[in-house]
There are 2 protein chains.
Amino acid sequence: MTDPAPGLNAEQLGAYFALIEVSSLLQYAVDEHLRADGDLSFVQFQILARLVDAPDGRLRMTDLADGLVYSRSGLTYQVGLLDKRGLIARSASPDDERSVMVTVTAAGRDLVAHVLPGHVDRVRQLLFEPMTGTDLATLGELLGRVRDHMRATPPRSAKPRARRDRTA
Amino acid sequence: MTDPAPGLNAEQLGAYFALIEVSSLLQYAVDEHLRADGDLSFVQFQILARLVDAPDGRLRMTDLADGLVYSRSGLTYQVGLLDKRGLIARSASPDDERSVMVTVTAAGRDLVAHVLPGHVDRVRQLLFEPMTGTDLATLGELLGRVRDHMRATPPRSAKPRARRDRTA
DNA sequence: TATTGTTATACTCTATAACTATA
DNA sequence: TATAGTTATAGAGTATAACAATA
């Protein structure tokens, strides 16, 4: 900072900070709405949304953990909360007895449907209102590319379970 | 989702999700590094970075709270932690007796300097590696515009203190 | 032996509300 | 009365490690 910073120029720094700030503000606004309108945290909403999107509304715990930047125990905790509220159901997987299938219930789908319009409103108002169609296409392509790079590159949240060499 | 979602088309949805995912992965990686290399959370690093950037390395608590999406008490807590470690110092403001000036200490500057190269490395590797120069310029301009829009538009984190009508 | 998931636990963080002091 | 900041408190969330069960 101050003087350009060793390695990132001013332009890069600006883009980096803007990204952090934009996503923070967006998540803050979206989280606030989800809690008020559906008593859901953003993480819980993401879990439900993924399930609604999945074939038959079902995913294994592991499939859920991937994609969400999340520890296994954290996911168990959140899924447990959703389970208590009857928004999802857990069942044994037929193929692999170790796995747990998570399925959205009708109530879960209803809640997502209830919450989605307002959610989308906020996103549109905050994120997309100041964009042109060209902006949108550019941003989507670019961020998609970056995401793939991040997912592919090096250390993922889905890091090997048994390793503890986190330098910490 | 599934069917385009009421109000956001597939392209918008993709950009939205990519943004959330990219910033989550980035923050996760960056946070991990900061903790390992400097025992700092991302929030703490942001506080220090803002101070290092400020004239005379000083800002009022209120100035710090703006910009960071943060409650006042949360900021007091984090600044308190930094204070205990001798990375910042607090003092009364000469002009306004109510205000508290926060100043980075030499130790704080040293720590930022120590941590910055690795921090920047991660950001560059994850975020900027898959970008062209044009991409960078575009992204910076676009996100800057969106940020200004978000800051200007409606409800900010710096929301009026005395209001409690949060629909909650 | 590796993988899936849960649990127990300990801790960090965050927000709300009440409070003090100054403008 | 409004603003700046702190504190007490209480709760949500997260991660680590240990554990059970299946592959």
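Everything numeric in this text was worked out from a predicted model, so none of it was measured.

Right, let's talk about helix 6 (residues 133–152) of chain B for a bit. Every α-helical turn comprises 3.6 residues, leaving residues that sit three or four positions apart pointing alike. Over its 20 residues, helix 6 of chain B runs 29 Å from end to end, which matches the ideal 28 Å to within 8%, given 1.5 Å per residue. Restricting attention to buried positions, one finds in helix 6 of chain B the residues Asp135(B), Leu136(B), Leu139(B), Leu142(B), Leu143(B), Gly144(B), Val146(B), His149(B) and Met150(B).

Next up on the list: the packing of aromatic side chains. Residue and element names in this part refer to chain A. According to the stated counting rule, one finds two aromatic pairs over all chains in the structure shown. Between Tyr16 and Phe17 the ring centres are 5.3 Å apart and the planes differ by 35°, which places this aromatic pair in the tilted class. The class for Tyr16 is buried, based on a relative accessible area of 2%.

All right, on to the sheet that holds strand 2 (residues 88–92) of chain B then. Backbone-to-backbone hydrogen bonds join strands into a sheet, with any given pair of strands oriented parallel or antiparallel. All names here are of chain B. The strand order across the open sheet built from three strands is 1-3-2, with neighbouring strands paired in antiparallel fashion. Because the sheet does not close on itself, it has two edges, and the strands there are strand 1 (58–60) and strand 2. Ignoring which end each strand starts from, the neighbouring axes of this sheet average 30° apart. Contacts between helix 4 (residues 72–84) and the sheet are confined to strand 2 and strand 3 (100–104), with strand 2 contributing the most and set at about 115° to the helix.

With that out of the way, let us pick up the relation of the copies chain A and chain B. Rotating chain A by 180° and moving it 0.0 Å along the rotation axis overlays it on chain B with an RMSD of 0.1 Å. In symmetry terms, the pair is related by a two-fold rotation axis. In this assembly, 100% of the residues forming the interface of chain A have copies in chain B that are likewise at the interface, indicating an isologous arrangement.

Listed by partner, the interface residues are 61 residues for chain A and 61 residues for chain B. For the pair chain A and chain B, the two sides together bury roughly 6,600 Å², of which 71% comes from carbon and sulfur. In this assembly, chain A and chain B are joined by four salt bridges. A salt bridge links Arg145(A) to Asp135(B); the nearest nitrogen and oxygen atoms lie 2.9 Å apart. Summed over the shared surface of chain A and chain B, the result is eleven residue pairs in polar contact (both at pLDDT 80 or more). Of all the elements in the fold, those that place two or more residues in the side of chain A that touches chain B are helix 1 (10–38), helix 2 (42–53), helix 5 (106–128) and helix 6 (133–152) of chain A. For the side of chain A that touches chain B, the element with the highest residue contribution is helix 1 of chain A, accounting for 18 residues.

If you look at the biggest cluster of nonpolar residues, it comprises 99 residues, and the most contacted ones within it are Tyr16(A), Leu127(A), Tyr16(B) and Leu127(B). Residue contacts for Tyr16(A): discarding those within four places in its chain leaves Leu26(B), Val30(B), Phe42(B), His119(B), Val123(B), Leu127(B) and Phe128(B).

Among the secondary structure elements, Glu21(A) is positioned in helix 1. Overall, the relative accessible area of 16% leaves Glu21(A) in the buried class. Once residues within four sequence positions are removed from consideration, Glu21(A) is found in contact with Arg147(B) and Arg151(B).

What follows covers the pairing of strand 3 (residues 100–104) of chain A. All names here are of chain A. A large share of strand 3 lies buried, amounting to four of its five residues. Pairing of strand 1 (residues 58–60) with strand 3 involves three bridges; the strand directions are antiparallel. Its bridge partner lying in strand 3, Arg58 is registered against Thr103. Pairing of strand 2 (residues 88–92) with strand 3 involves five bridges; the strand directions are antiparallel. Residue pairing in the sheet places Arg90 in a bridge with Val102 of strand 3.

Criteria and thresholds
All residue numbers here refer to positions counted from 1 along the written sequence of the relevant chain. In the order they appear in the text, chains get letters beginning with A and ligands get numbers beginning with 1. Reporting in this predicted model follows two pLDDT cut-offs: at least 70 for local features of residues, and 80 or more for side-chain atom pairs to be given and counted; totals over whole chains, interfaces and linings ignore these cut-offs and use all residues. Each side-chain value is derived from all of the structure's non-hydrogen atoms; neither hydrogens nor water enter the calculation. Numbering of helices and strands runs from the N terminus; a helix is a DSSP stretch of H or I covering at least four residues, while a strand is a stretch of E covering at least two. To estimate how far a helix should extend, the number of its residues minus one is multiplied by 1.5 Å. With a 1.4 Å probe rolled over the protein chains alone, any residue whose accessible area is under 20% of its type maximum counts as buried; one over 50% counts as exposed, and the rest are partly exposed. The pairing test for Phe, Tyr and Trp rings, Trp by its six-membered ring, is centres within 6.5 Å, and the orientation test on the planes gives stacked under 30 degrees, edge-to-face over 60, and tilted for anything in between. The rule for pairing is simple: two strands pair if DSSP sees at least two bridges between them. Axis definition: a line fit to C-alpha positions, over the contact stretch in the case of helices; interaxial angles, taken between N-to-C directions, run 0 to 180 degrees. Whether two residues touch is decided by their heavy atoms; if any such pair falls within 4.5 Å, the residues are in contact. The copies were overlaid by least squares, fitting only the C-alpha atoms of residues that reach a pLDDT of 70 or more in each copy. Buried area adds together the accessible area that both of two parts lose upon being put together, with accessible area traced by a 1.4 Å probe. Salt bridges are counted wherever a side-chain nitrogen of Lys or Arg sits within 4 Å of a carboxyl oxygen of Asp or Glu. Here a polar contact means two N or O atoms within 3.5 Å. Within protein one must be a hydrogen donor candidate and the other an acceptor candidate, and residues neighboring in sequence count only if both atoms are side-chain atoms. To qualify as a nonpolar core, a set must consist of buried Ala, Val, Leu, Ile, Met, Phe, Trp, Tyr and Cys residues joined through side-chain atoms within 4.5 Å.

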